[in-house]
Amino acid sequence: MTIGLTAAMAGLVGVPIVGYLIAPLFEREQDTYVAVGDLAHFAGGTTTLVKFEDPSPLAWAGQTANTALWVRRAGDEPVFQVFNVNCTHLGCPVDWRSDAHLFLCPCHGGVYYADGTVAGGPPPRPLFQREWRVDGGKLMVKTQRLPTSGGGAP
Amino acid sequence: MRRIWRAIGQWFGLRFELEDSVGAVLTHPVPAALEGPVGWWYVFGAATLAMFVVQVVTGVGLAMTYVPAPNSAYDSLQFISQQATLGSVLRGIHYFGAGAMVVLVLIHMTQVFLFGAYKFPREANWMSGSLLLLATLAMAFTGQLLRWDQDAFWSIVVAAEQAARAPVIGGFLASLVVAGQNVGGATLTRFYATHVFLIPAAIFGLLAIHLYLVVKRGISEPPVPGQRADRRTYLAQYRALLARGIPFYPDAAVRDAAVAFVAVVVVVVLAVVAGAPMLGKPPDPTIIVADPRPDWYFIGYFALLAIIPNGLESLVIIGLPALAFAFLFVLPLVRPGGERHVSRRPMAIAAVGLGVVVYTALTIAGTAASWVPVSTEGAVLPPAVTAGLGAPESLGARLFVRKDCFACHQIAGAGGRRGPDLSVAGSRLSHDQLVLTILNGKGQSMPSFADALTPEELAELVAFLETRRGR
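Residues numbered from 1 in each chain as written. Chains lettered and ligands numbered in written order. Predicted model: local features only at pLDDT ≥ 70, side-chain atom pairs only at ≥ 80, totals over all residues. Heavy atoms only, no water.

Asker: Now, about the overall build of chain B: what can you tell me, with residues and values included?
Answerer: When helices and strands are counted, chain B shows 20 helices and four strands. For chain B, whose C-alpha radius of gyration is 29 Å, the value lies well above the compact-globule estimate of 23 Å for 471 residues. Along the three orthogonal principal directions, the C-alpha set of chain B runs to about 95 × 55 × 50 Å. A buried classification covers 46% of the 471 residues belonging to chain B. (Helix = DSSP H or I, 4+ residues; strand = E, 2+ residues; numbered from the N terminus. Rg over C-alpha atoms; globule rule 2.2 N^0.38 Å. Buried < 20%, exposed > 50% of the residue type's maximum accessible area, 1.4 Å probe, protein only.)

Below you can see the structure in the form of structure tokens.
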């Protein structure tokens, strides 16, 4: 009886607390597109860093609501590759070296070509890409969860 | 004066029955051998405990000012470090105390391991201790994240990416680390609650068990070669030993206090002299130029992540720490008996030696981080290299820097160390070999530069490299 009552108490409090704690983890990915710039902003043959804010951040998120992406426009047609800045090895931010035509990672030395394929170092796969579309002369990019090379790979 | 103290002591002693509770614990007998020089080996647990108390006290102090919100944490830490009275010292003590605690826990464990003190009947002491090690490392890591600067931000991303390597539940674990879809508004408060409530609660609980066992099972006597830990005879032997023992307080406790005092003095002096560690850039994910590094005691692990062979990452990232912890945890169950003295346990010496050598080597490698291309912003080749070059060679030398060759290749002692040293590339490689390597790349590390160079630039670069000849 005592054990039963104790277990019931634990359950009564435990279910809401566990639910509260893990609920954010199961939030659906929003199907939102965010404008990151006019088409004219991206010249053919360039790779550009774009920054935008999470469309629905928590009020206290501060700078962490910001996201950066690398946008590559290979030619003059409005065809893009939109890369996450995260290295596919362990997530550090890769930097585009415009003269060397390479992305370099500062953590463990991952290197990628302009098209995101691996040029050297430990990365197990090419840079993650985002879905994009052109709308009203602007490049729109889909918001997305943190991409990983493990079980959670998109 | 003394009489008043004694009266107060007697009043409380009677009301709280201290004689047979606190008094009994303080004066419980320990092996008489601890009075000799060997007793100085038994002090590191107490020093670790003292450091934990220092961390709790300074942590509470920091929490009085620190604002655990992503838009304010960085500024509140800057305030603590630069404006608050004694804030820099307080943060400094917490920072150096964290390093000291990691070091002391490891020394304590090494001593217990080498003295064979984890064997029967003290297996549970060791197992609760290895859980305390885990909790200490978790505190050290989550504490670094609360710094909430650029390093902290990317460390969380790296932690999530590592968690994601776990089989089946990887994606779930990664979401758990960042508390949602991305590092953002919800992440910091979770790490804060974990660092100041969850893990400390676990540590207090484990400490209670650990200390209960230390008193209840008794401190192990110094091992003697040839005297084996035998579960049929040990308890009786030990009881006889304690009958001739000395009281823990004051005889043995004074050494604990002395070493703990030295440890605390070192930490406070470091904090006063060096102050709190500088914060990095703000935690803005759009600042792409970053160089994330963990604190010094995790640099060896950081290096390990760089040198894992391709394809084995997930196995090593998840498997190795799990295996290491499992080994520690079950060690006393697998080896509860046998020789205790280190002179009869060559494998124990080898294990400790190997661990120290490997982790030191990894730390040195991680500090140098020669696998990372160096920044070429504003870099120049040594004057001796460029002096007296003709026109195309001189242009090639400039390209060597501008096209980031210099980021990975050394020339005359300058430049990155990821790729081969090209100081005498002109003697080692023919004209065609130079051209082919630059255009096609080589192996897993040298990328192809075919898209990055015009034919003229390629010719200039090769012309420059051909001037690099050995004697």
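And the narrative resumes.
Asker: Report on the sheet that holds strand β7 (residues 111-113) of chain A, specifying residues and quantitative values.
Answerer: Residues and elements named next belong to chain A. Taken in spatial order, the four strands of this open sheet run β5-β6-β7-β8, and their pairing is antiparallel. Two strands in the sheet have a free side with no partner beyond their single neighbour: β5 (95-97) and β8 (118-120). Sheet twist, expressed as the average angle between the axes of neighbouring strands with direction ignored, equals 35°. Pairing analysis gives three bridges linking strand β6 (residues 102-104) to β7, with the strands arranged antiparallel. Considered in β7, the bridge of L104 is made with V111. (Pairing = 2+ DSSP bridges. Axes fitted to C-alpha atoms, helices over the stretch in contact; angles between N-to-C directions.)

Asker: Tell me about the nonpolar core, and please be specific about residues and values.
Answerer: Judged by nonpolar contacts, the single largest core of 55 residues is most densely connected at W70(A), V94(A), F103(A), Y66(B), I156(B) and V177(B). Elements that contribute at least two residues to this core include exactly β3 (66-73) of chain A together with α4 (73-82), α6 (123-146), α7 (150-163), α8 (170-178), α9 (187-217) and α12 (299-307) of chain B. The biggest single contributor to this core is α7(B), with eight residues. Counting residues in each nonpolar core, the second largest holds 30 residues, with L381(B), V401(B), M446(B) and L461(B) among its members. (Core = buried A, V, L, I, M, F, W, Y, C linked by side-chain atoms within 4.5 Å.)

Asker: Tell me about the packing of aromatic side chains, and please be specific about residues and values.
Answerer: We describe a pair of aromatic rings using the distance from one ring centre to the other and the angle between the two ring planes. Under the defined criterion, the tally for this structure stands at 24 aromatic pairs over all chains. Relative to F16(B), the ring of F12(B) has its centre 5.8 Å away and its plane inclined at 25°; by these criteria the two rings are stacked. Placement of the pair is F12(B) and F16(B) together in helix α1 (residues 2-16), with a separation of four residues, close to one helical turn. For F12(B), a relative accessible area of 40% gives the class partly exposed. Arranged with centres 6.4 Å apart and planes meeting at 75°, the rings of F141(B) and F298(B) form a pair that is edge-to-face. Of this pair, F141(B) sits in helix α6 while F298(B) sits in the loop between α11 (248-274) and α12, placing them 157 residues apart in sequence. An aromatic cluster is present here, built from W70(A), F83(A), W96(A) and F103(A) joined pairwise through their rings. The ring of Y33(A) has R133(A) lying over it, and the distance from NZ or CZ to the ring centre is 4.0 Å. (Phe/Tyr/Trp six-rings, centres within 6.5 Å; stacked < 30°, edge-to-face > 60°. Lys NZ or Arg CZ within 6 Å of the ring centre and 35° of its normal.)

Asker: Lay out the side chain of S448(B) in plain terms, naming residues and giving numbers.
Answerer: Residue and element names in this part refer to chain B. You can see S448 is positioned in the loop between α19 (431-440) and α20 (455-466). Here the side chain of S448 touches L439 through a polar contact of 2.6 Å, landing on its backbone oxygen. Separated by 3.2 Å, the side chain of S448 and the backbone nitrogen of A450 make a polar contact. (Polar contact = N/O pair within 3.5 Å; in protein donor to acceptor, adjacent residues only side chain to side chain.)

Asker: Please provide a residue-by-residue account of a nonpolar patch on the surface, values included.
Answerer: Residues and elements named next belong to chain B. There is a patch of nonpolar side chains on the surface, built from M1, I4, W5, I8, W11, F12, F16, L18, V22, L26 and Y249 and spanning about 1,200 Å² of accessible area. Going through the elements one at a time, α1 and α2 (22-26) are the ones with two or more residues in the nonpolar patch. If one sorts the elements of the nonpolar patch by residue count, α1 sits on top with six residues. Overall, I8 belongs to the partly exposed group, its relative accessible area being 38%. (Patch = residues over 30% accessible without salt bridge, like charges linked within 9 Å, V, L, I, M, F, W, Y side chains within 5 Å. Areas by Shrake-Rupley, 256 points an atom, 1.4 Å probe, with all protein chains shown as cover. Salt bridge = Lys/Arg side-chain N within 4 Å of Asp/Glu carboxyl O.)

Asker: Can you break down the pattern of salt bridges residue by residue, with the values?
Answerer: Applying the stated criterion across every chain yields a total of twelve salt bridges over all chains. A salt bridge links E221(B) to R340(B), with the nearest nitrogen and oxygen atoms 3.4 Å apart. Taken together, the positions of E221(B) in the loop between α9 and β2 (228-229) and R340(B) in the loop between β4 (338-339) and α14 (346-368) put the pair 119 residues apart, joining distant regions of the chain. Salt bridges sharing partners connect three or more residues here, namely D99(A), R402(B), K403(B) and E457(B).

Asker: Account for α7(B), with residues named and values stated.
Answerer: Since the α-helix advances by 3.6 residues per turn, residues separated by three or four positions end up pointing in the same direction. Taking 1.5 Å as the rise per residue, α7(B) with 14 residues should run 20 Å; its terminal C-alpha atoms sit 20 Å apart, in good agreement. In terms of burial, α7(B) is a largely internal element, 13 of the 14 residues being buried. (Expected span 1.5 Å × (residues − 1).)

Asker: How would you summarise the interface of chain B and chain A if you had to cite specific residues and measurements?
Answerer: With 61 residues of chain B at the contact, the number on the chain A side is 59 residues. Interface area, chain B with chain A, both sides summed: about 4,800 Å², of which 57% is carbon and sulfur. Among the residues of chain B in contact with chain A, E161(B), Q181(B) and I288(B) are the three that bury the most area, contributing 16% of the side total. Viewed at the interface, chain A and chain B are joined by three salt bridges. Applying the counting rule to chain B against chain A returns 21 residue pairs in polar contact (both at pLDDT 80 or more). Of all the secondary structure elements, the ones that give two or more residues to the side of chain B that touches chain A are α7, α8, α12 and α13 (313-334) of chain B. By residue class, the composition of the side of chain B that touches chain A is 33 nonpolar, 15 polar and 13 charged. (Contact = heavy atoms within 4.5 Å. Buried area = accessible area lost by both parts, 1.4 Å probe. Nonpolar A, V, L, I, M, F, W, Y, C, P; charged D, E, K, R; others polar.)

Asker: Could you give an account of the pairing of strand β9 (residues 132-135) of chain A, with specific residues and numbers?
Answerer: Residues and elements named next belong to chain A. Two elements, β9 and strand β10 (residues 138-142), share four bridges in a ladder whose sense is antiparallel. Residue D135 lies in a different strand from β10, and its bridge partner there is K138. Two successive antiparallel strands, β9 and β10, enclose a turn made up of two residues, where G136 displays a positive phi of approximately 60°.

Asker: Report on the environment of A379(B), specifying residues and quantitative values.
Answerer: Residues and elements named next belong to chain B. Among the structural elements, A379 can be located in the loop between α14 and α15 (383-386). Along the sequence, A379 and A174 sit 205 residues apart, while their C-alpha atoms lie 39 Å from each other. A379 has contacts with V401 and F406, leaving out every residue within four places of it along the chain.

Asker: So what's going on with α11(B)? Which residues, and what values?
Answerer: Residue and element names in this part refer to chain B. Taking 1.5 Å of rise per residue, 27 residues should cover 39 Å, and α11 covers 37 Å from first to last C-alpha, within 8% of that figure. Among all positions in α11, only F248, A252, A253, R255, D256, V259, A260, A263, V267 and A271 are buried. Where α11 is buried, its residues touch α2, β1 (29-30), α3 (44-63), α5 (87-114) and β3 (246-247). Looking one or two residues beyond α11, the residue adopting positive phi is G275, at roughly 75°.

Asker: Provide a residue-level description of the packing of α7(B) against α8(B), including the pertinent values.
Answerer: Residues and elements named next belong to chain B. For the pair α7 and α8, interaxial distance at closest approach is 7 Å and the crossing angle is 160°. In terms of their interaxial angle, α7 and α8 are classed as roughly antiparallel. In terms of crossing hand, the pair formed by α7 and α8 is right-handed. Contacts from I156, A159, A160 and A163 of α7 reach α8 at G170, L173, A174, V177 and V178. In terms of residue class, the contact of α7 with α8 is built from eight nonpolar, one polar and no charged. (Parallel < 35°, antiparallel > 145°, perpendicular 65-115°, else oblique. Left-handed = near helix turned anticlockwise from the far one by under 90°.)

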